[in-house]
Every structure is written in structure tokens, then in C-alpha cells.
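Spelled out from the first residue to the last, the chains are:
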Amino acid sequence: MASFTLHGIPVSRGIAIGRAHLLTPAALDVKHYLVPDESIEAEVQRLQNAIATVHKELQTLWSDLPKDSPAELGAFIDVHALILSDPMIAEVPLDIIRARHYNAEWALVTQIDELSSQFDDIGDAYLRERKADIQQVGERVLKVLTGTAGSLPKVNEHGETHAGMIVVAHDISPADMLQFRDRSFGGFITDLGGQNSHTAIVARSLDIPAAVGMTNASALIQQDDWVIIDGDNGVVVVDPPPEVLNQYRDRQLRIQRERKKLSKLKKTPAVTRDGVKINLYANIEFPEDCASAMEAGANGVGLFRSEFLFMGRIGGSANLPTEDEQFESYRKAVEMMKGRPVTIRTLDIGADKPLDAAEQTAPNPALGLRAIRYCLAEPQMFLAQLRAILRASAYGPVKLLVPMLAHAFEIEKTLGLIEHAMNQLRAANKVFDPLIQVGAMIEIPAAALTLPMFVKRMDFLSIGTNDLIQYTLAIDRVDHEVAHLYNPLHPAVLQLLSHTITTGAKAGIPVSVCGEMAGDTKLTRLLLGMGLREFSMHPSQILSVKQEILNCDIELLAPQTKKILRSFDPGDIADAMEALAHV
Ligand code: PEP
Ligand code: MG
């Protein structure tokens, strides 16, 4: 096969070389074909085998349940096992294969769709909700049939382990990405996605080269093709000729050597040439990530995206982690950080991080009941999380960070609920830090334009540039069609950023940036010049940013930064950024 090159959006640095492992989306995009007469029984057998495999998976899930897990979890597995045994799932699709000659996936999806539409007409809310269970069971079987994430082989046909495999998919949700955390793949490529989608963010946290927004890579790349991902440039080379392969292997070696050099900076304090101390914090998704935060010499955790504890669980919103379960996770992070502060962000669910994709019904999720809006609509769930965070504060310094605030009443209600959670803990004789610092994420333009509302009530601010850019420029951060408009250097974004940093400094409260801009070395000088002193990023980016800081002189950066902020012409901004890189 001839070599070809694809261009997309770079999301995670480095070079990966390996064989393609194609993941087909489980539910929607299954293959549709007619099975010839002589293969019908084999196709029936294929579906029966998949159903049997899922039965075994559910049994394993049951037996692996921790003793203290909530009763509902076992009940969920029971319900799924019952659905799987029901003739509606276990037999009707087999009849469809025999009668209509559909392939197994098509037959199963046809039946699931039929059952789902019947459920839509049911008046009883409880029964109606069982539709999601049926879909989840169907997806489990499909995943086995199509060989998606749930049943990824440990070694492919060529005897290569995961490290040599490049995952290629139409799309991967953040929840699906979680499955890759304990399997070290070489890299991944998707047709959809933007640079700051949560899927991309998880890829960066795994520190594997990745490129998204490849439009039709999953159709063009075939299983087991040799693939190179150039994660720095968003380029994918399929079936490269030997000379190209050698060039990339050389680059891979150079990158490894540079990383080794960087690792020597781990214990070096991040101080600029003119003696300004900068704090570098880590963004994490799970407590276990604290190991890499410590390894990178982080000053603490600047953003613990707690919603990842809530995602990808069987049962979706009906099976949230309990207060105790959350407490254990938060405490673990606090203990692993050994006295360094841990900033726990309250649940930022919604948009591209639904609790359960099957339950996502908002017409425009990014503008819907997301983050603090969701939490204020579910006060009991929110209180449980607040109590869990507060209890963890008895074990080391914890800060509480609230996402997506925009209205004064949201601030008041949130603070009121924190007070309420404290009173509940007092009544239960549970210890916590009563002086816990509470901060707001500034990630909606309305918040950045009404900072007096925030500085009056909050102990610190953290700028979420990923959403601030999304909402300022009105572009969906997960939509690759508009990814070219996602520009951190748009003057409107720069004005809001600079205004927030300056206002925080004047009010005497710390301001950090915890969006992806903080980990981009091309922007380090600009942020320092604006006055930023606290950066939070994935652990894998900390040492490169530190190296940049060590080479900077803030006194020299400031005037050049002012020039950038005064400019509204993209060409002038680009020139001034170039000049900034050399002061
Ligand atoms: C942000 O919006 O910049 C941010 C840090 O939060 P998230 O990416 O999780 O939305
Ligand atoms: Mg955000």
C-alpha cells in the first residue's frame, strides 16, 4: 500500500510509531452488511459468543465488587444480567440474523433501537429509565463484537504489546479514554475532536502522542497499518517509507534525550532570572496522578478534576460515588502530595463530560446544566461532595474550587451550601479545616467582566482558559470544524486574561491559570509578562514550562507584553509574540 499523510490537530506532544489498532464506535456506527446463507449459523454463533462473554464480564464485575460498595451497584449488575438473558436480547437478534441475514452488530442494534422506541411510549418513569440499561447492555455486547476498548487485546496478532499500538477511532469520549489509563498505548488518532476537548486533555495527561480532528482517518487507516504520529504538528504518516521512518526514529530519540535533560530540573525552584518565584501546580484527574505530580516536582495540585471519579460508572447518574468513596479519593490525593496544597474542583459534569452519554439530552450541552449549575440543581449530591472535600482537609492543605460561576446568586448559594456542609460535619463530630480557602474558576466572560463580585467573596481565582476561549469566541471546544477559530491569542481573550490577573493582584488575592494555556511553553512568557505567578498544568508539561521560566527576565517581558495587549491586529500580535520569544 502506498504511503500517505494526514493532517489534523496536534493535542499531545511527541512521536509515536506503531501498528494501527482500529476502534469502531460501539452503538451508532456499526457495520451493516448481509450475511450469505452458508455463514448464517456462524454469525448467530458469533453473537451468542459475544453475549456469553458479556455474561462472564458481569459475573467478574460482581465478584470483584469491593465489600463496602453500595448495594445499588450489585443491583445494577443484576439488572444488566437479567436484561442480557431476556429473550428480547438473547433470542430476537438471532432470529433477525436468520430471517433478514443482517450481520450480528446490525441485528443487535436493530433490536435495541426497536426496544428503545417502545420504552419512549411508556408512562411510568421508572420503567422508562430502564431504556438506558438496555442500551448499556447492548453497547457491552457490541463492544465485544466489534473489539472496541472493552475487549482490547493485550498483544496484537504481530505479538506487539500496547506500547506498540496506535489507537485509531472515529471519536473517543473522555469516559472511554479512562479505559486507556492503565494500558500504555503508543498514541492515538481520532477523526473528531478539538485541541482542548476533554479527550485531548486526558491524552495529554497520559503523556502519549495524539492527533485529533483527522476527519476520516478511521476510514483511511486499516487495521495493522504502520503509522507514525507526529504529535507536535498533528501529522500522521501511514505506511511510511524506510527513510521517513528513520527520520522520525531519530526525532524520537532526540525528544527522549531532551526529556532526560529536563528531568534534572525537577528540584530546581521555578525562579526567573530577575528573581521572581513562580508556583507550578499539577492538573490531575485521579488521586493516583499525584505520583506524576510529585515526580515532576509540582508545588501542589492546582486542579483536581473531580468529575472523572463520577464518569464511566455502570448506572450513570443513578450510581454516583458516595461521600465516603469520594472522601477516600480526596484524602489519598492529599496524603500523596505530602503537605503541598491540593485544589479540588467541585463536580464539573456536563458538556463533553456527561455522567452518562445515554442520558445527555440537553440541546446545547456546553450552554446547559453544567458544572455548578448542575450542582446547585442537585444540592444533596453537592453537599455530599462538599462534605467529602471538607473531611479530606483534615489531612493536609486543601482548597475548594468552584467551576462555571457567573452570577452573584450562584456565589452566595455555593458559599451557603459550603457553610451548611460544615455544620453537618460539626453535628456529626467530623473534623475539617474551617478556614478552607474557596476559589472561583473564571471561565465565562461574564465572570471575567464582573470580578468585583468575585474578589469580594472568594479567597482565590483560577482562570479556566479552555472554557474562557470557548465562550468568548463562541466556538465549541470539541468541534474540529471550528478548531481553527480556537485562538488563545485573540485580543478579546488576552484582554479578559490580563484584566483578571491584574484585578486579582490589586485585590491581593492569588490568581492562577489552570487551562491548557498554562502548559503551553509558547505562551509562558506572555503570561509572566501579564503578571501571572501561578500556573497549573499536566505534570508532563511542568518541567518544560519551568525551563522557560528560568530563562526569563520579567522586567524585560512586561513592556513587550503591554505592546501585545494594546494591539488588535493579528499580524502585529504575531510579530510581538515573536519578539517576546527573544527578549
Ligand atoms: C478550563 O476550562 O480551562 C478548565 C481548566 O476546566 P476544564 O478544561 O475541565 O473545563
Ligand atoms: Mg472549564
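Data block above holds the structure.
About the cut-offs
- Residues numbered from 1 in each chain as written.
- Chains lettered and ligands numbered in written order.
- Predicted model: local features only at pLDDT ≥ 70, side-chain atom pairs only at ≥ 80, totals over all residues.
- Heavy atoms only, no water.
- Helix = DSSP H or I, 4+ residues; strand = E, 2+ residues; numbered from the N terminus.
- Buried < 20%, exposed > 50% of the residue type's maximum accessible area, 1.4 Å probe, protein only.
- Near = heavy atom within 4 Å.
- Polar contact = N/O pair within 3.5 Å; in protein donor to acceptor, adjacent residues only side chain to side chain.
- Areas by Shrake-Rupley, 256 points an atom, 1.4 Å probe, with all protein chains shown as cover.
- 1 Å grid on protein atoms, 1.4 Å probe; cavity = no way out; pocket = protein on both sides within 12 Å on 5 of 7 lines; lining within 4 Å.
- Sits in = over half its atoms within 2 Å of the grid points.
- Core = buried A, V, L, I, M, F, W, Y, C linked by side-chain atoms within 4.5 Å.
- Domains from an automatic or database assignment.
- Points joined across faces, edges and corners; volume = space filled by probe spheres on them.
- Nonpolar A, V, L, I, M, F, W, Y, C, P; charged D, E, K, R; others polar.

1. Examining unusual backbone geometry
In this model, Asp207 sits at a positive phi of 60°, which is unusual for a non-glycine residue. With respect to the helices and strands, the residue Asp207 is situated in the loop between helix H8 (198-206) and strand S6 (210-212). Judged by relative accessible area, Asp207 falls into the partly exposed class, the value being 29%. In this model, Ala371 sits at a positive phi of 55°, which is unusual for a non-glycine residue.

2. Digging into the site of ligand 1
The local shell around ligand 1 holds 17 residues, among which His198, Arg305, Arg345, Asn466 and Arg477 are the closest. Take Arg305: an N or O atom from its side chain is 2.7 Å from an oxygen atom of ligand 1. Here an oxygen atom of ligand 1 sits 3.0 Å away from a polar atom, N or O, in the side chain of Glu443. Expressed as a share of its isolated accessible area of 290 Å², the protein-covered part of ligand 1 is 100%. When each cavity is represented as a set of grid points, ligand 1 is found to reside in the second largest cavity.

3. Focus on the nonpolar core
Phe188, Leu280, Phe304, Tyr330, Leu461, Leu497 and Phe535 are the most contacted members of the largest nonpolar core, which has 120 residues in total. Broken down by element, this core gets its largest block of residues, 8 residues, from helix H14 (residues 379-392). Looking at which domains feed residues into this core, each of domain 1 (4-25 + 151-261) and domain 3 (276-580) gives three or more.

4. Some remarks on empty space enclosed by the protein
Applying the stated criterion across every chain, the model contains 2 cavities of 30 Å³ or more. The volume enclosed by the largest cavity comes to roughly 90 Å³. In terms of lining, the largest cavity is formed by Tyr281, Gly302, Thr343, Lys399, Phe460, Leu461, Ser462, Pro510, Val511, Ser512 and Glu534. Of all the secondary-structure elements, those providing two or more residues to the lining of the largest cavity are strand S14 (460-463) and strand S15 (511-513). Ranked by residue count, the leading element in the lining of the largest cavity is S14, at 3 residues. Among the residues forming the lining of the largest cavity, the class breakdown is 5 nonpolar, 4 polar and 2 charged. Of the pockets and cavities examined, the second largest cavity occupies roughly 70 Å³. Contributing to the lining of the second largest cavity are 14 residues, with Arg305, Arg345, Met441, Glu443 and Asn466 lying nearest its centre.

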